Amino acid sequence: MKVEGIWGVESYGMYGWERVSTAVLENGRYFAASANHYTIGSYKKKKDKFTAKTRITQYGEVRVIFGAKLETYDALFKGKIKNNGEIVGKILPVSGEKLDVAVRWKRLEKLD
């Protein structure tokens, strides 16, 4: 499955799945944003495996993630491309902490 497109990104928290951003994947580049943050980075797809290296910048309401309240941090997304068109996995801090957050992406639109 091609992954280029527009994706709805959700993370799992105390109250279940929460919409956190809209992402665009195109030619190995990753862009995402919400009302309070933006993310830039790159991604790779190999068979059903998907990884994205990103830098997340919070400019509005700064939220705690990975146990800290940071305006900017680097994160790695590791996931699997499912047959139903979703990508599911987890996001981890690049700094080495052993914390992660469950994340799933749902395709909103193809770019081709």
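Look up: the structure comes first, before these words.
Note that this is a predicted model, so its numbers are computed, not measured.

A. View of the environment of Glu-109. Structurally, Glu-109 is set in strand E8 (residues 101-110). The sequence separation of Glu-109 and Trp-7 amounts to 102 residues, and the corresponding C-alpha distance is 7.0 Å. With near-sequence residues (within four places) excluded, Glu-109 lies in contact with Gly-5 and Ile-6.

B. Inspection of the pairing of E8 at higher detail. Where strand E1 (residues 5-13) meets E8, 7 bridges bridge the pair, whose relative direction is antiparallel. By the bridge assignment for E8, Gly-8 is matched with Lys-106. Across 6 bridges, the pairing between strand E7 (residues 86-93) and E8 is antiparallel. Its bridge partner being in E8, Ile-87 is matched across the sheet by Trp-105.

C. The arrangement of the nonpolar core in detail. One finds Val-3, Leu-25, Phe-50, Phe-77, Ile-87, Ile-91 and Trp-105 to be the most contacted residues of the largest nonpolar core, which totals 21 residues. Secondary structure elements with two or more residues in this core: E1, strand E2 (16-26), strand E3 (29-33), strand E5 (49-58), strand E6 (72-81), E7 and E8. If one sorts the elements of this core by residue count, E6 sits on top with 4 residues. In this structure Ile-87 touches Val-3, Trp-7, Phe-50, Phe-77, Lys-80, Ile-81, Val-103, Arg-104 and Trp-105, once residues within four positions along its chain are discounted.

D. View of unusual backbone geometry. Phi is positive for Asn-27, close to 50°, though the residue is something other than glycine. Within the element layout of this structure, Asn-27 appears in the loop between E2 and E3. Even without a glycine there, the phi angle at Lys-47 is positive, about 55°. As for its placement among the helices and strands, Lys-47 is situated in the loop between strand E4 (37-46) and E5. Here Lys-47 falls in the exposed class, since its relative accessible area comes to 72%.

What counts as what
- Residues numbered from 1 in each chain as written.
- Predicted model: local features only at pLDDT ≥ 70, side-chain atom pairs only at ≥ 80, totals over all residues.
- Heavy atoms only, no water.
- Helix = DSSP H or I, 4+ residues; strand = E, 2+ residues; numbered from the N terminus.
- Contact = heavy atoms within 4.5 Å.
- Pairing = 2+ DSSP bridges.
- Core = buried A, V, L, I, M, F, W, Y, C linked by side-chain atoms within 4.5 Å.
- Buried < 20%, exposed > 50% of the residue type's maximum accessible area, 1.4 Å probe, protein only.

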